[in-house]
Amino acid sequence: MAQWTSAVGSNQLAKLLTSQQSRPPKPGSRRPPAYRFLADGIRLLVLEGRIPVAARLPAERELAMAMSVSRTTVAAAYEALRSEGFLESRRGAGSWTAVPAGNPLPARGLEPLPPEALGSVIDLGTAALPAPEPWLTRAVQGALEELPPYAHTHGDYPAGLPALRAMLAERYTASGIPTMPEQIMVTTGAMGATDALCHLFAGRGERIAVESPSYANILQLMREAGARLVPVAMAEGLGGWDMDRWRQVLREAAPRLAYVVADFHNPTGALADEDQRRSLVDAARSAGTVLVVDETMIELNFDENSAMPRPVCGFDPAGSTVITVGSASKAFWAGMRIGWVRAAPDVIRSLVAARAYADLGTPVLEQLAVNWLLSTGGWESAVELRRAQGRENRDTLVAALRRELPDWEFAVPQGGLTLWVRTGGLSGSRIAEAGERVGVRVPSGPRFGVDGAFEGFVRLPFTVTGAVADEAASRLAAAARLVESGAAAGGESPRTFVA
């Protein structure tokens, strides 16, 4: 009986491995043997979750042809991986990926660092800030005061608490987007909202157009749902959407869904202007594509003198093309797992009906807490605090990076929570592995792309400031030196790896 559960083709594996190539080592630095470089590349792919555990690898001869190397090189690489516990083989069944005993299984998305590691590792993996106190405590206290009437009910509200739906609808209407409560469904975070929309509109095998790069966890959610991702390249820097590319993809691929982050895009930080928003809605309408717009970063504008563009749904007055996803997790706190969908009433009814077979509903107490914030002015006060934190963190991190890593390139966004950084020709995957060794956790660029793209990037969130930001930049510089010297490709397995 075969021990593998999936397979990786030789051409696919070659493409992933080729994307990892670093720039040539500096004079005097050591270059690992070809077999070692190949083995290390496969190990990185396994550790990052970009090749699943228990995936069958190509036969030695097939991979040698795809990589244009000798079969001896591939055989030596496979043997090295077996000795390190990253490969298992059996005659007649082939070879498949594994992880050594005691190593954590790799994650396919970005997960928070375990609390026990916070004292020794600087976590730049998760774009989330601590709660903006005292507003979290006040919101929970206010929710407890409002709870008794709900405690006398069954507690299941598949569409969300009526009071919160009405409050969210009122906020959209106040912003110039007329909205009824019947157009709102409260969800368990933005991820829950997007997952529900993918299941409703894009069954297994359906095409979904996504920005390239895009939010890593959403990309993985869509992969797990069986979607066929169609990447659309972002413009350079903070240029946002390339509308010529979007029109071409929507016209030729005719995807069922498109997923975009127009407001302080994750990971680039770009802010789409009104012309781009209008053009994208028109192109999606013409193609018959449902446009899912993620507004989780919309509140995080650090420039008080800059007016925000109209929401994307403002360019779809009929409500037939654009579906909006919002959340309290970025603007307030990630631990407040409250999200919402704004869509046409018939879409909301379909989502609510399907929810009976998913999670049934969203926790009542947390909904009451968000409703308290929105109805008392606490939300605005908390968001102001969050903006001040984000602005300070961004400026401190930018200064530290420019001092410690002057060869790394990035554009500074006016809001959001992330920097998208070009790593001076070094492999982002190898930076991530070396960073784990020196005590800084950072996600590599390929997590935010499709099929190995963005190897020369890492994403850095505005989650640290002061001396911690300075130390984070110093550790990233140390990781870069390890990669440049070739030490990061030397075959030593990291003690742990948190995706």
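Preceding this section is the structure that the text describes.
The present account deals with the structure reproduced in this document.

Procedures and definitions
- Residues numbered from 1 in each chain as written.
- Predicted model: local features only at pLDDT ≥ 70, side-chain atom pairs only at ≥ 80, totals over all residues.
- Heavy atoms only, no water.
- Phe/Tyr/Trp six-rings, centres within 6.5 Å; stacked < 30°, edge-to-face > 60°.
- Helix = DSSP H or I, 4+ residues; strand = E, 2+ residues; numbered from the N terminus.
- Buried < 20%, exposed > 50% of the residue type's maximum accessible area, 1.4 Å probe, protein only.
- Contact = heavy atoms within 4.5 Å.
- Pairing = 2+ DSSP bridges.
- Axes fitted to C-alpha atoms, helices over the stretch in contact; angles between N-to-C directions.
- Salt bridge = Lys/Arg side-chain N within 4 Å of Asp/Glu carboxyl O.

Attention shifts here to the packing of aromatic side chains. All chains considered together, the criterion is met by seven aromatic pairs. Between phenylalanine 302 and phenylalanine 462, the ring centres sit 6.3 Å apart and the planes meet at 55°, which makes this aromatic pair tilted. Here phenylalanine 462 lies in the loop between strand E15 (457–461) and helix H16 (466–485) and phenylalanine 302 lies in the loop between strand E10 (290–294) and strand E11 (322–327), a separation of 160 residues in the sequence. For phenylalanine 302, a relative accessible area of 5% corresponds to the buried category. With a relative accessible area of 0%, phenylalanine 462 lands in the buried category.

You can see phenylalanine 315 is positioned in the loop between E10 and E11. Each C-alpha atom of the pair phenylalanine 315 and leucine 280 lies 9.4 Å from the other, and the pair is 35 residues apart in sequence. Not counting the four nearest positions on each side in its chain, phenylalanine 315 is found in contact with Glu274, Arg277, Arg278, Val281, Arg285 and Arg310.

The next thing to look at is the pairing of strand E4 (residues 94–97). Bridging between strand E3 (residues 87–90) and E4 involves four bridges; their strand directions are antiparallel. Within E4, the residue paired with arginine 90 across the bridge is glycine 94. The loop that links E3 with its antiparallel partner E4 comprises three residues; one of these, glycine 92, has a positive phi angle of about 90°.

Taken in spatial order, the seven strands of this open sheet run E6-E12-E11-E10-E9-E7-E8, and their pairing is mixed. Each of the sheet's edge strands pairs with one partner strand only, and the pair in question is strand E6 (184–187) and strand E8 (228–233). Averaged over all pairs of adjacent strands, the angle between their axes in this sheet comes to 20°, without regard to strand direction. One ladder, built from four bridges, connects E11 with strand E12 (residues 339–342); its direction is antiparallel. Residue pairing across strands places glycine 326 opposite tryptophan 340, the latter belonging to E12.

Here we take up the pattern of salt bridges. Scanning the model with the defined rule gives 28 salt bridges in all. A salt bridge links arginine 43 to glutamate 84; its shortest N-O distance comes to 4.0 Å. Of this pair, arginine 43 sits in helix H2 (residues 34–47) while glutamate 84 sits in helix H4 (residues 71–84), and the two are 41 residues apart along the sequence. The residues arginine 43 and glutamate 84 share a single accessibility class, namely buried. One connected set of salt bridges, linked through shared partners, spans Arg36, Asp40, Arg43, Glu84, Arg430, Glu433 and Arg437.

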